[in-house]
Amino acid sequence: MSHDHKGSSVGAYTFIALVLGVITYIEFAIIQYEVAWLNAAWTIITLVVLSVGKFILVVAFFMHLKDDEQTYTGFFSIGMVFALGTFIVLAFLFSIRSVSSVWARSERTPVEVQASSEHPEEAKPHHELHGIPEHLQASIESEGYSRPLAEIFDTARPKNQALSIAVPVARTTQSFTVSEAPPLFALAGQDGVPVEETPAIEVSAQTETAQGFDTELGGQVYSGNCAGCHQVNGQGIPGAFPPLAQNLPILYQADGGREYLVNVLLYGLQGPIEALGQSYNGIMPAWAQLGDDEIAAVLNHVLTSWDNVTLLDEFAPILVEEVATARSTNLSSAQVLELRNALDLP
Amino acid sequence: MSQAAVEHAPEHYRSTSLPDPKLMMWIFLASDCMFFGTLIGTYLVYKNRSLEGPFPVDVLDIPITTVSSFVLLMSSFLMVLALHALRTDNIPRFRLWTFGVAFFGSVFLGFQVFEFSTFVKEGLTLQQNLFGTTFFTLTGTHGIHVTIGVLWMLSILITSYVRPMSSKDALYLEVAGLYWHFVDIVWIVIFTVIYLVEFV
């Protein structure tokens, strides 16, 4: 192609500039005058479409890619593809919890996950744990759940904190049993425990022996928020982030430990502590922006992962209501430290 | 080696017939895409993870940013007009539009300086929270790009007074223009993703 670009005429440029201006105004108006008939997801989609439109107009006409050499388009596309790739990978690496919980909410159906034991013969005498009364299973869900796209970008927004009580319909109800002695325990589908292979003892979620808690959500919350510091294997980093593996059962079994754990999550912790013989003096952020159900789920997740559950004589999952109750106390992280110091730890 | 051979030497190594400056600019822009892609990605990763305010909804100002976005878009428009004028050897127009681009770019920067200083007054600094860190890094990097663009346009404007310019120089203006438009499209993305979506 020759370099004597005809280019577009001034008239065409002016037209495109006008369109760009109008689109910008529409974008502004959508946000400023809150269009009632557009829900959040559609608003975001509209905004994305409009700005992609602007993007393409500028690239095609102002940067002349439309009539210029394909090679330029090629190079630029490679850059865009890498940028988008990085972007998507980052989103999945770091917000997998919010992304997947959106999908999960739309697809999840009540699944009966089977409890299993590596030694089924030992699991015969069912240790009866306190079942969760059905009326307590109501959990607090934020209205955000009906706004999937918004949630992808946005997990906890001060603006949207209107809460409504809803009875969870499609939450995975996990039921399992704990064998008497030694308390071998494994959750189907968790780390290396295949769902099918183990001869499972099926316990219906409705029976008294069943414990209901959402292990799937707990795992997602953990990998999305905690694993960065406490590590995927729960070992923490000596001197910087205390381990949750082995450490948590000790805390849980101390008098008041259960409440302490809920408070650590809600209000954070700061100050000198000792865990498994190592001292720490860091900052554990408060996670008040997580939902009560998410906090309960992640605590149950960490209490039952990494063989922690084998160190517990008895385990009753933390309930959503306990978190809700603790939320009203409004402690400071210093008070949480006092709570910890008051624990009678071995 | 004869003089002729020296002059022709570069030709032997060419694999495309594309003008070097332009090709280089497109390759640079491709890499800059990744740069901004990562910065925007980082912003989103840390979105809503600030433990203390000010939060985006507290400080971001949609009307003002809409105006500054519009100014930047129109500077892109002036850019194509400047290029068109230079290609048609209309030097006075070319100078006028080139000045216009630099001027509109400076207005945009003025808005940004105003925005940043307002934010700092409201307590949002680079170190305040994750929002501050990622927001200032992203928009600051963009602002530096705009600043470089403004200086570039001014240097072209000055050059046009130092030595005569004609349609033969259009390639250099075109390359500067590519850079300018790119900075503009990055802002299109930032405006939507960081500003507008926050208020959905």
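Because the structure is predicted, anything quoted here is derived from the model rather than measured. Per-chain numbering applies: the sequence of each chain, read as written, is numbered from 1 onward. Going through the entries in the order they are written, you letter the chains from A and number the ligands from 1. Per-residue local features of the predicted model are confined to residues with pLDDT of at least 70, and side-chain atom pairs are confined, for both listing and counting, to 80 or more; whole-chain, interface and lining totals are unaffected and use all residues. Neither water nor hydrogens contribute to the side-chain values; these are computed over all heavy atoms in the structure.

### Focus on helix α5 (residues 215-230) of chain A
All names here are of chain A. Secondary structure is summarised from DSSP: a helix means a run of H or I of at least four residues, a strand means a run of E of at least two, and numbering begins at the N terminus for each. Helices are assigned an expected span. That span is 1.5 Å times one less than the residue count. With 16 residues, α5 ought to run about 22 Å at 1.5 Å a step, yet its terminal C-alpha atoms sit only 18 Å apart, falling short of that. The seven residues ending at a residue and the seven starting there each receive a fitted axis; the angle between those axes is the bend at that residue. The largest bend in α5 comes to about 50°, at Ser-223. Of all 16 residues in α5, 12 are buried; the element is thus mostly enclosed. At the C-terminal side of α5, Gln-231 shows a positive phi close to 70°. The rule is simple: take the accessible area with a 1.4 Å probe, protein chains only, and divide by the maximum for that residue type; under 20% is buried, over 50% is exposed, in between is partly exposed.

### Some thoughts on the environment of Ile273(A)
Residue and element names in this part refer to chain A. Mapping Ile-273 onto the fold places it in strand β11 (residues 273-275). Take Ile-273: its relative accessible area is 11%, and that puts it in the buried class. Any pair of residues with heavy atoms lying within 4.5 Å of one another is described as a contacting pair. When neighbours within four sequence positions are excluded, Ile-273 is seen to be in contact with Pro-242, Gln-278, Ser-279, Tyr-280, Leu-337 and Arg-340.

### Concerning the confidence of the model for chain B
For any part of a model where pLDDT is low, the fine detail of the predicted coordinates should not be relied upon. Of the residues in chain B, 92% reach a pLDDT of 70 or more, and the chain-wide mean stands at 89. Between the elements of chain B, mean pLDDT differs from a low of 53, seen in helix α1 (residues 3-12) of chain B, to a high of 96, seen in helix α5 (residues 91-121) of chain B. The predictor's confidence in any single residue is recorded as pLDDT, a number from 0 to 100.

### Quick look at the nonpolar core
Core analysis: the biggest nonpolar cluster contains 88 residues, and Phe76(A) and Ile194(B) have the highest contact counts within it. Those elements giving two or more residues to this core turn out to be α1 (10-32), α2 (40-62) and α3 (70-107) of chain A together with α2 (20-45), α4 (62-87), α5, α6 (130-162) and α7 (170-196) of chain B. No other element matches α7(B), which puts 19 residues into this core. Each residue touching Ile194(B), except ones within four places of it in the same chain, is listed here: Ile40(B), Tyr43(B), Leu60(B), Phe135(B), Leu138(B) and Val189(B). With 44 residues, the next largest nonpolar core counts Ala245(A), Tyr252(A), Val262(A) and Leu312(A) among its residues. The term nonpolar core refers to a set of buried residues drawn from Ala, Val, Leu, Ile, Met, Phe, Trp, Tyr and Cys, joined through side-chain atoms within 4.5 Å.

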